[in-house]
Protein chains: 2
Amino acid sequence: MNLILVEAGELKGQGFSDSVGRVRLTDRRADHIRDVHKAQVDDLLKVGLLNGSIGQGRVVSIDQEAVELALDFSSGHLAPEPLPVVLVLALPRPKMLRRILQASASMGVKEIWIIHSYRVDKSYWSSPLLDEESMLLQLKLGLEQAGDTLMPTIHLRKRFKPFVEDELPSLVQGRQAWVAHPYGSDATPTATDQPTLIAVGPEGGFIPYEVDKLKEAGLQPLTLGRRILRVETAIPVLLARLFPVS
Amino acid sequence: MNLILVEAGELKGQGFSDSVGRVRLTDRRADHIRDVHKAQVDDLLKVGLLNGSIGQGRVVSIDQEAVELALDFSSGHLAPEPLPVVLVLALPRPKMLRRILQASASMGVKEIWIIHSYRVDKSYWSSPLLDEESMLLQLKLGLEQAGDTLMPTIHLRKRFKPFVEDELPSLVQGRQAWVAHPYGSDATPTATDQPTLIAVGPEGGFIPYEVDKLKEAGLQPLTLGRRILRVETAIPVLLARLFPVS
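First, a word on what this report is: a plain description of the structure on this page. Keep in mind that what you see is a predicted model, and the values were worked out from it rather than measured.

### Describing the nonpolar core
One finds A:Leu168, A:Leu219, B:Leu168 and B:Leu219 to be the most contacted residues of the largest nonpolar core, which totals 122 residues. With residues up to four places along the chain from it excluded, the contact list for B:Leu168 reads B:Val88, B:Phe163, B:Leu197, B:Leu214, B:Ala217 and B:Leu219.

### Quick notes on the pattern of salt bridges
Residues and elements named next belong to chain A. Inspection of the entire model under this criterion finds 29 salt bridges over all chains. With a shortest N-O distance of 3.0 Å, Lys-140 and Glu-7 are connected by a salt bridge. With Lys-140 in helix α3 (residues 132-146) and Glu-7 in the loop between β1 (4-6) and β2 (20-25), this pair connects stretches of sequence that are 133 residues apart. Lys-140 gets classed as buried once you look at its relative accessible area, which sits at 18%.

### Remarks on the relation of the copies chain B and chain A
When chain B is fitted onto chain A, the two copies agree to an RMSD of 0.0 Å after a turn of 180° and an axial shift of 0.0 Å. The operation mapping one copy onto its partner corresponds to a two-fold rotation axis. When the interface residues of chain B are mapped onto chain A, 100% of them again lie at the interface, so the same face is used by both copies.

### Focus: the interface of chain B and chain A
The interface of chain B with chain A comprises 34 residues on the first partner and 34 residues on the second. Of all residues in chain B, B:Arg226, B:Arg227 and B:Arg241 bury the most surface against chain A, accounting for 26% of the area lost on that side. Inspection of the chain B/chain A interface yields two salt bridges. Among the salt bridges present, the one from B:Arg227 reaches A:Asp148, with a minimum N-O distance of 3.0 Å. Between the two partners, chain B and chain A, sit 20 residue pairs in polar contact (both at pLDDT 80 or more). Elements that contribute at least two residues to the side of chain B that touches chain A include exactly α2 (94-107), α3 (132-146) and α6 (231-242) of chain B.

Rules used in this analysis
- Residues numbered from 1 in each chain as written.
- Chains lettered and ligands numbered in written order.
- Predicted model: local features only at pLDDT ≥ 70, side-chain atom pairs only at ≥ 80, totals over all residues.
- Heavy atoms only, no water.
- Core = buried A, V, L, I, M, F, W, Y, C linked by side-chain atoms within 4.5 Å.
- Buried < 20%, exposed > 50% of the residue type's maximum accessible area, 1.4 Å probe, protein only.
- Contact = heavy atoms within 4.5 Å.
- Salt bridge = Lys/Arg side-chain N within 4 Å of Asp/Glu carboxyl O.
- Helix = DSSP H or I, 4+ residues; strand = E, 2+ residues; numbered from the N terminus.
- Least-squares fit on C-alpha atoms with pLDDT ≥ 70 in both.
- Buried area = accessible area lost by both parts, 1.4 Å probe.
- Polar contact = N/O pair within 3.5 Å; in protein donor to acceptor, adjacent residues only side chain to side chain.

Here it is in structure tokens:
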């Protein structure tokens with residue numbers, strides 16, 4: 001946790017304005033400040049306001065029950081630049097989804113569409129890890145890791161065809177759009193700072209019918225080379241190659 | 001498993017030459033061929049000879065006990081090109097190490113030095129995941145994922161200073177050498193196909209003393225930008241930026 005993420009609703013205290021306030025933490029953030037940061041009274045910690053600016057929190061009190069911070073956002077530091085990318089992702093195995101959400105959030109992805117695909121095990125859709133609260137936690141962990149405050153949005157689409165036919169074409173508008181496809185002699189990713197959409201299939205890839213539907217929606221196949229990478233490796237690799245300087 | 005990795009010592013059968021043979025699998029590979037590939041007699045599977053070439057295996061028999069393959073390496077396909085990189089890695093949390101080894105092997109890293117660092121919890125060094133057999137399994141999983149056959153080598157060094165003073169300088173010889181350092185305004189990685197060495201610190205980074213020692217050994221600090229990534233994300237990102245076309 002390289003940044004303690006707090007929400008506006010958690011701030012309190014007399015004299016609270018846009019730039020100062022207090023927060024009393026009793027959850028995993030308090031545990032982390034105590035056990036990992038090993039913070040003491042008057043220590044300064046990097047704090048971010050969810051979807052807002054980045055500032056400092058001075059430890060006012062710390063004990064087994066709670067950590068209280070006096071916050072100061074007056075320096076006006078902003079979150080790092082988002083990546084100009086929409087990530088369309090066939091639902092991965094839930095444990096892997098957790099890591100992918102964290103890693104994607106930490107790299108600056110702000111819009112994620114999780115979709116069904118033929119090779120996605122249907123049981124994955126009933127995993128508790130798909131609960132809004134559970135996914136939100138993974139995204140927060142990613143933001144806290146990266147020192148970011150801007151919460152990504154996630155959309156779930158349990159049916160491939162309606163998504164690809166009715167929603168995807170308008171997402172593709174104004175963006176370069178790719179489908180990562182492990183086989184064949186397609187283009188390799190090149191550096192860009194243009195608005196981009198990338199679709200990543202499940203382990204084993206999208207089936208040919210799905211690749212055709214994605215092409216119809218305006219996506220071009222793109223390969224990462226001869227090596228077939230796991231989805232959780234392929235995503236950081238794709239993002240790093242498409243956006244090398246961010 | 002995009003390739004079934006077999007060892008020369010497993011091959012048997014009359015008429016075995018360099019290019020053909022049989023193998024009888026009873027371990028996780030048999031389970032995978034049965035349960036994931038759902039293979040049947042006469043199906044052809046991609047097979048690789050450990051540290052050798054890539055060929056095909058025809059399913060000769062398959063039941064709950066074993067899967068027998070008739071192998072043919074006569075096409076002479078070679079493994080994908082290795083990355084020209086030496087990875088020096090502060091020992092991560094063992095569960096994360098497992099994923100890092102898999103991902104690194106899948107991306108083509110062939111030489112890994114795992115070292116101690118001030119911020120590495122000493123207890124990590126007694127994890128059973130550091131047993132040779134356990135690490136070998138993770139590397140095999142990475143190779144099988146990527147369709148590679150060339151086994152990486154791993155070196156463990158439990159003491160930072162002797163490694164950095166006595167061994168690292170000769171590893172740096174003839175290579176560009178970097179230490180990934182999350183803070184400060186250092187160089188960002190640029191594409192290369194030159195022999196390269198990258199050192200990656202633990203979560204929280206190398207301490208200043210260690211960075212100084214690494215600089216003395218010839219490594220230059222390199223940053224991935226404002227976002228602080230977890231080690232397991234930073235490694236694919238670094239490799240993808242340094243070696244974009246492989």
